[in-house]
Amino acid sequence: MDSANIKNTGLRGITIATTKISDVNGALGKLIYRGYLVKDLAENTTFEEVIYLLLYERLPGIDELEEFTKKINSESDLHDGIIQAMKIMPKDSLPMDVLQACISLLSNYEEDVTSKSRDIVTEMAIRLISKTSSIVATWQRIRNDEEPIKADPKLNHASNFLYMVSGKYPSKEVSHFFDTCLVLHAEHSFNASTFSAREVASTRAHIYSAVSAAVGSLSGELHGGANQRVMEMLQKIDSVENVDNYIENELAKGRKVMGLGHAVYQVDDPRALILAPMSKRMGELAGETKWYEMSQLLEKNAKEVFKKKKNMDIYVNVDFYSASLYHSMGIPVDLFTPIFAVSRVSGWVAHVLEEQFAEAAPKPVLYRPESEYIGDYCGPAECFLEDLEER
Ligand SMILES: CC(C)(COP(=O)(O)OP(=O)(O)OC[C@H]1O[C@@H](n2cnc3c(N)ncnc32)[C@H](O)[C@@H]1OP(=O)(O)O)[C@@H](O)C(=O)NCCC(=O)NCCS
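Numbering of residues starts from 1 in each chain and follows the order in which that chain's sequence is written. In view of the model being predicted, local features appear only for residues whose pLDDT reaches at least 70, and side-chain atom pairs are presented and counted only at 80 or more, with totals across whole chains, interfaces and linings using the full set of residues.

A. Spatial organisation of the overall build of the protein. The helix and strand inventory of the protein stands at 17 helices and three strands. What you see for the protein is a C-alpha radius of gyration of 22 Å, in line with the 21 Å of a compact globule of 391 residues. Principal-axis analysis of the C-alpha atoms places the extent of the protein at approximately 70 × 60 × 45 Å. Contacts in the protein between residues far apart in sequence, at least 24 positions, make up 76% of those at least 6 positions apart. Think of it this way: any DSSP run of H or I at least four residues long counts as a helix, any run of E at least two long counts as a strand, and we number them from the N terminus. Each radius of gyration reported is based on C-alpha atoms, and the globular scaling rule is 2.2 Å times the count of residues to the power 0.38. Any residue pair is listed as a contact if its two C-beta atoms, each placed from the backbone, are within 7 Å.

Here it is in structure tokens:
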């Protein structure tokens, strides 16, 4: 078999299912959650409203939102067994690995984890959203030999995460920025981690299995792990003066620069356009604007270098400015990707529900793509193929 002509597509550009949850228009740079532009949602809604929208296919009314916010809050406590498990894990465990392990453990505390009832699975979905935040914050406390902090019922999901991590109440502005980050990261169609969740859900495995698979997928540096790598790059460069020929040198070494490029967007990522000014403002609030300034210069240089060296346009993605933004909020670098999960879990569970309970045709089917075998045949290939034809 001549493998030279076979291209690994990574399923790019291949439509494999229908969805009513979101649409990413790569040519126009538009992202829609259930019919609403993400820009409008970021400017006018809270993360709780977006979760409701993703799960129930419409925005909540005022009373529904109040009740739903309380519901999310009421599910935030972790079982003692989960906290004990975290306490015996090595302190240097990767936070994404701890999150993935704890999500699997959570399934053991469900009374009817394999239920085929949409209502019961929706209840589990809400618990998963609530507890993902608690797990990430609790691990941050435990690995630093600090007592875990329970969520404050008076706070929303965004403020509670920051409070549970640090024990300090965030300012209104910081809380609002973090809430907007959660809105922006909530959903993005069939990205790698969502596809993982849907693929697992298509086997009719339960929602905790699907979400734990998605966490594993998100951890990779070509996906959610990129935000941590962007910050590590900024820390390595360390000053605006040092930005210099950084991009050119990395490309010359054949390396990828994190936070640049996207598998779908061929224009500006609409989320990055919102995150950039937030990163600037957050830098000002923190009294250190160099991370934003370095990011801005790197973006400018990248555009020029990619044009010159590769004759292509390059744009920053969602992970680029979120790195400097989270850093200015005082969030540890290795929590950046878990924070992505704190938000994206809302999209994952909506997709699991759609995968398993879609009412209208076309209904989802078990995912089972083909691959092209380019390995050896232990015996004459013709015999093997003839044998197959006979069967
Ligand atoms: C996201 C990503 C995987 C998309 O990859 P993709 O769809 O394969 O992108 P393309 O193949 O269209 O890229 C076209 C060219 O640009 C290059 N390119 C794309 N992103 C690049 C990056 N961040 N750094 C260096 N080169 C990059 C590719 O290597 C390719 O060059 P080639 O034709 O010489 O091989 C890729 O842009 C990337 O690895 N980015 C960095 C990781 C990241 O930020 N991930 C978060 C995504 S939200």
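B. Structural detail: the domain arrangement of the protein. Along its sequence, the protein is organised into domain 1 (22-221 + 331-357) and domain 2 (227-327). Here the bounds of each domain stem from an automatic or database domain assignment. Placing the centre of domain 1 and that of domain 2 at their C-alpha centroids yields a distance of 26 Å. Each partner contributes residues to the interface: domain 1 has 23 residues there, and domain 2 has 25 residues. Contributing elements (two or more residues each) for the side of domain 1 that touches domain 2: β2 (30-33), α1 (38-44), α8 (172-185) and α16 (336-357).

C. Fine view of the site of the ligand. Only the C-beta atom matters for nearness: placed from the backbone, it must lie within 6 Å of the molecule or strand for the residue to count as near. As a matter of local geometry, the ligand sits amid 15 residues, with Ala-226, Lys-256, Leu-260, Gly-261 and Ala-263 nearest to it. Residues are grouped as follows: Ala, Val, Leu, Ile, Met, Phe, Trp, Tyr, Cys and Pro are nonpolar; Asp, Glu, Lys and Arg are charged; every other residue, Gly included, is polar. Its residues assigned to classes, the shell around the ligand comprises seven nonpolar, five polar and three charged.

D. Main features of the packing of helix α9 (residues 192-202) against α16. In this description, a line fitted to the C-alpha atoms serves as the axis of each element, helices being fitted only across the stretch in contact, and the angle between N-to-C directions of two axes falls anywhere from 0 to 180 degrees. The interhelical angle for the contact between α9 and α16, taken along N-to-C directions, is 30°, at an axis separation of 9 Å. Every pair of crossing elements has a handedness; the one defined by α9 and α16 is right-handed. Judged by residue contacts, Ser-193, Thr-194, Ala-197, Arg-198, Ala-201 and Ser-202 of α9 engage Arg-344, Gly-347, Trp-348, His-351, Val-352, Glu-355 and Gln-356 from α16. Tallied by class, the residues present in the contact of α9 with α16 amount to four nonpolar, six polar and three charged. Crossings are sorted by hand: turned counterclockwise from the far helix by less than a right angle, the near helix makes the crossing left-handed, and turned clockwise it makes it right-handed.

E. Structural view of the sheet that holds β2. At least two DSSP bridges between two strands are needed for those strands to be called paired. Taken together, the three strands give an open sheet; going across it, the order is β1-β2-β3, and neighbouring strands pair in antiparallel fashion. Edge positions in the sheet fall to β1 (22-25) and β3 (36-37), since each of these pairs with one other strand and no more. With four bridges connecting them, β1 and β2 associate as antiparallel partners. Within the sheet, the bridge partner assigned to Val-24 lies in β2 and is Leu-31.

F. Highlighting the environment of Asp-319. Relative to the elements of secondary structure, Asp-319 occurs in helix α15 (residues 318-328). The contacts of Asp-319, once residues within four sequence positions are left out, are Ala-226, Asn-227, Val-230, Met-258 and Gly-259.

G. Main features of helix α6 (residues 118-143). The end-to-end C-alpha separation of α6 is 37 Å, in line with the 38 Å expected for 26 residues at 1.5 Å each. The largest bend in α6 is about 25°, located at Lys-131. Where α6 terminates, the next one or two residues include Asp-145, which has phi positive at roughly 55°. In this analysis, the expected span of each helix is defined as 1.5 Å times one less than the number of residues it contains. Note on bend: at a given residue it equals the angle between the axes fitted to the 7 residues ending there and to the 7 starting there.

H. Spotlight on helix α10 (residues 207-218). With twelve residues, α10 extends 16 Å between its outermost C-alpha atoms, agreeing within 8% with the 16 Å of an ideal straight helix rising 1.5 Å per residue. Around each residue's C-beta, the other C-beta atoms within 10 Å are counted; 20 or more make the residue buried, 12 or fewer make it exposed, and counts in between make it partly exposed. All C-beta atoms are placed from the backbone. Counted residue by residue, α10 has eleven buried out of twelve residues, so it is predominantly covered. Where α10 is buried, its residues touch α5 (95-106), α6, α9 and α16.

I. Here's a closer look at the nonpolar core. Think of a nonpolar core as buried Ala, Val, Leu, Ile, Met, Phe, Trp, Tyr and Cys residues chained together by C-beta atoms that fall within 7 Å. Val-50, Leu-99, Ala-197, Ile-207, Ala-210, Val-211 and Val-349 are the most contacted members of the largest nonpolar core, which totals 101 residues. Sort the elements by how many residues they give to this core and α16 lands first, with eleven residues. When residues of this core are assigned to domains, at least three fall in each of domain 1 (22-221 + 331-357) and domain 2 (227-327). Contact partners of Ala-210, with chain neighbours within four places excluded, come to Ala-197, Val-200, Ala-201, Ala-205, Trp-348 and Val-352.

J. Spatial organisation of the environment of Asn-245. Among the structural elements, Asn-245 can be located in the loop between α11 (226-237) and α12 (246-252). Considering only alpha carbons, one finds Asn-245 and Asp-77, 168 residues apart in sequence, at a separation of 48 Å.

K. Local environment of unusual backbone geometry. Notably, Asp-145 is not glycine yet its phi reads approximately 55°, a positive angle. With respect to the element layout, Asp-145 can be found in the loop between α6 and α7 (157-166). A count of 7 C-beta atoms within 10 Å places Asp-145 in the exposed class. In this structure, Asn-311 is a non-glycine residue whose phi angle is positive, near 50°. Among the structural elements, Asn-311 can be located in the loop between α14 (290-310) and α15.

L. Expanded view of the packing of α5 against α10. Running from N to C, α5 and α10 point in directions that differ by 175°, and their axes come no closer than 9 Å. The angle between the axes of α5 and α10 places the two elements in the roughly antiparallel class. Counting all contacts with α5, which are made through Met-96, Leu-99, Gln-100, Ile-103, Ser-104 and Leu-106, the residues of α10 involved are Tyr-208, Val-211, Ser-212, Val-215 and Gly-216. Here the residues of the contact of α5 with α10 are counted per class, giving seven nonpolar, four polar and no charged. An angle counts as roughly parallel when it lies under 35 degrees, as roughly antiparallel when it exceeds 145, as roughly perpendicular when it falls between 65 and 115, and as oblique in every other case.

M. Spatial organisation of the pairing of β2. With burial as the criterion, only one face of β2 is covered, namely that bearing Leu-31 and Tyr-33; the residues Lys-30 and Ile-32 on the opposite face remain uncovered. The hairpin turn running from β1 into β2, its antiparallel successor, is four residues long, and Gly-29 in that turn takes a positive phi close to 70°. Connecting the antiparallel pair β2 and β3 is a turn made up of two residues, with Arg-34 showing a positive phi of about 45°.

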